[in-house]
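Below are the chains, spelled out letter by letter.
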Amino acid sequence: MIQLISAGAGAGLFLFFAVASFVSVREREPVAARRFAVSAVVSSLPFFLTAFLPFSGKLLVFLVLMVLVLAAILLFLIPFGRHPEYRQEVPAKRIDERDTMFSRNELMPGSKNYEDYYRRHPEKKVLDDRFRKNAGLLQKGSTQFDPVYFASADASFETIAALRDFVEGSVADETVPVDPGRITTYVKNWSKKLGATDCGITELKDYHLYSVGGRGERYGKAFVRRHRYAIAFTVEMAQEMLQTAPAATVVMESGQQYLASGHVALQVARFIRNLGYEARAHIDGNYEVVCPLVARDAGLGEIGRMGLLMTPRQGPRVRISVVTTNMPLLTDQPLHDFSFIDACVYCKKCAEACPSRAISFNDRKVINGSLRWQINQESCFTFWTLAGTDCGRCISVCPYAHPDNGLHNLVRLGMRRSGLFRRAALQADDLYYGRKPAPKPIPENLQV
């Protein structure tokens, strides 16, 4: 019996780590592949020796090994540290879009908006003058400049810009009666057919909206809640592209997925207006809502240390678009999942990898009435204008950002269930993938 159980346990461990090694090879993770291969041998060897070699004290060794195996299983299964009382923070104050770096980047020296903003916020002018000295996003002279990749990214962003006039439109004269449950299911399924990775719905709240617009012709425009519901869509960003961060291929991927998420939102909004209900798409460069907050409340994830939406299967490796509407829908419940917050408290990998040191190492603190993390957006954006890309290092090193496959989803499941497993998994992520993994080469099929 000892021989059979020991051999079975050894074979199981060897197979698990061998599969992990094979998966890592396919994910272009050679360091992890080698370390998993070594783990396959090291972890299984004691069990095989116990099974097939005669030695004194075999029973004791067998019992110790079985205790370790059972402890590992319990670590995964016991729902320890879940904090079911946890509830997401509700912002006490709305965000003024004029304060965001994208809005400030659009301010042209000498313009009316430029004078207005820095008259009200003279303390920000010194900070913003720093990024204005750099080459800028997608500009020649930046450290990551590449004419082909930057042109590819520009093609996506220029296409999005050409579609911004279609975020709203005429509503059909005839209103088609809909069943909230059935139309909700249809919208979710159809949006995924259109290319969305996930879709969630929430009741639109005041804090979801920017208080005042800050970009283009929307500068200074006060936003009011006109719709009852918000539909959030996520679109997955390719891990192999993000692994190159902060190279030009990252902003190329960002542009492509902003465009993809925008297409979904524009089509769904047009569909809803065809049914006779008001609807507005919120896409890159033309938002009236704070997309991560909407997506969080729609049950698609939590807001992590880096200030991005952390989803259960892709982590922060998504782009978001939103449709707001008055069409009757059924809403989803927020996750209220403390495991993401707890992991971010313990991990801090994104903060260590951030080249601009824009991500805090500290615990959450009360900002504008809600407990949360806040990045130093000036430092972050200044690095962007130096590199010419939107960096992406924080996303690329996040333990939740590994590919959406069986191996990593098993780890994510354990992390959601158990606080002990979370800590073990985060330590293992450092062990196998590195605390500060180096950027990967650009995928061969995109090299020029």
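So, here's what we can say about the structure.

Conventions adopted
- Residues numbered from 1 in each chain as written.
- Predicted model: local features only at pLDDT ≥ 70, side-chain atom pairs only at ≥ 80, totals over all residues.
- Heavy atoms only, no water.
- Phe/Tyr/Trp six-rings, centres within 6.5 Å; stacked < 30°, edge-to-face > 60°.
- Helix = DSSP H or I, 4+ residues; strand = E, 2+ residues; numbered from the N terminus.
- Buried < 20%, exposed > 50% of the residue type's maximum accessible area, 1.4 Å probe, protein only.
- Expected span 1.5 Å × (residues − 1).
- Contact = heavy atoms within 4.5 Å.
- Polar contact = N/O pair within 3.5 Å; in protein donor to acceptor, adjacent residues only side chain to side chain.
- Disulfide = S-S within 2.5 Å.
- Axes fitted to C-alpha atoms, helices over the stretch in contact; angles between N-to-C directions.
- Parallel < 35°, antiparallel > 145°, perpendicular 65-115°, else oblique.
- Salt bridge = Lys/Arg side-chain N within 4 Å of Asp/Glu carboxyl O.
- Core = buried A, V, L, I, M, F, W, Y, C linked by side-chain atoms within 4.5 Å.

**Considerations on the packing of aromatic side chains**
Within a pair of aromatic rings, the relevant descriptors are the distance that separates the centres and the angle that separates the planes. According to the stated counting rule, one finds 17 aromatic pairs in the structure shown. Arranged with centres 5.1 Å apart and planes meeting at 85°, the rings of phenylalanine 131 and phenylalanine 381 form a pair that is edge-to-face. Taken together, the positions of phenylalanine 131 in helix 6 (residues 122–132) and phenylalanine 381 in helix 14 (residues 377–387) put the pair 250 residues apart, joining distant regions of the chain. The exposure classification of phenylalanine 131 matches that of phenylalanine 381, with both residues buried. With 5.9 Å between their ring centres and 45° between their planes, phenylalanine 381 and tryptophan 384 make a pair best called tilted. Of this pair, phenylalanine 381 and tryptophan 384 both sit in helix 14, 3 residues apart, which is roughly one turn of that helix. Among the residues examined, phenylalanine 381 registers a relative accessible area of 2% and is labelled buried. Taking relative accessible area as the criterion, tryptophan 384 reaches 17% and is therefore assigned buried. Of the aromatic side chains, those joined through ring pairs into one cluster are Phe16, Phe17, Phe36, Tyr432 and Tyr433.

**Points about helix 16 (residues 406–417)**
Between its first and last C-alpha, helix 16 extends 16 Å over 12 residues, near the 16 Å set by a 1.5 Å rise per residue. Within the sequence span of helix 16, burial applies to Leu407, His408, Asn409, Arg412, Gly414 and Met415. Looking at the buried side of helix 16, the elements it contacts are helix 1 (2–26), helix 3 (58–77), helix 12 (338–347) and helix 17 (419–433). Its side-chain oxygen 3.3 Å from the backbone nitrogen of leucine 407, asparagine 405 forms the N-cap of helix 16.

**Some details on the state of the cysteines**
Per the stated rule, a full pass over the model turns up 0 disulfides. Here cysteine 344 is not disulfide-linked; the sulfur of cysteine 350 is the nearest cysteine sulfur, at 6.4 Å. Residue cysteine 398 stays outside any disulfide, its sulfur separated by 6.5 Å from that of cysteine 344, the closest cysteine. Given the relative accessible area of 7%, cysteine 398 is considered buried.

**Thoughts on the packing of helix 2 (residues 30–52) against helix 17**
In the contact formed by helix 2 and helix 17, the axes pass within 8 Å of each other and the chain directions differ by 110°. In terms of their interaxial angle, helix 2 and helix 17 are classed as roughly perpendicular. Contact residues: helix 2 offers Val31, Ala32, Arg35, Phe36 and Ser39, while helix 17 offers Asp430, Leu431, Tyr432 and Tyr433.

**Section: the pattern of salt bridges**
One pass over the full model with this rule turns up 28 salt bridges. Between arginine 435 and glutamate 352 there is a salt bridge, with its nearest N and O atoms 3.1 Å apart. Of the two residues, arginine 435 sits in the segment after helix 17 while glutamate 352 sits in helix 13 (residues 349–353), which places them 83 residues apart along the sequence. Residue classification places arginine 435 among the partly exposed residues on the basis of a relative accessible area of 25%.

**A closer look at unusual backbone geometry**
Omega for the bond connecting alanine 245 with proline 246 falls within 30 degrees of zero, at 10°, which places this linkage in the cis form. Note that proline 246 resides in the loop between helix 9 (239–242) and helix 10 (248–274). Its identity as a non-glycine residue notwithstanding, histidine 336 has a phi of 45°, on the positive side. Structurally, histidine 336 can be placed in the loop between strand 6 (318–325) and helix 12. With relative accessibility at 24%, the residue histidine 336 sits in the partly exposed group. Although it is not a glycine, lysine 348 adopts a positive phi angle of roughly 65°. You can call lysine 348 partly exposed: its relative accessible area is 26%.

**Here we look at the nonpolar core**
When a protein is soluble and globular, its nonpolar side chains tend to lie buried together. In this structure, Ile231, Phe233, Ile272, Val323 and Met327 are the most contacted members of the largest nonpolar core, which totals 47 residues. Residue assignment for this core shows that the elements contributing at least two residues are helix 8 (180–194), strand 1 (198–203), strand 2 (229–236), helix 10, strand 3 (279–282), helix 11 (291–297) and strand 6. At 9 residues, the largest contribution of residues to this core is made by helix 10. The contacts of valine 323, once residues within four sequence positions are left out, are Tyr229, Ala230, Ile231, Phe233, Ala265, Val268, Ala269, Ile272, Ala279, Arg280, Ala281 and His282. Counting 37 residues, the second-largest nonpolar core is a separate cluster that includes Phe76, Tyr86, Trp384 and Ala425.

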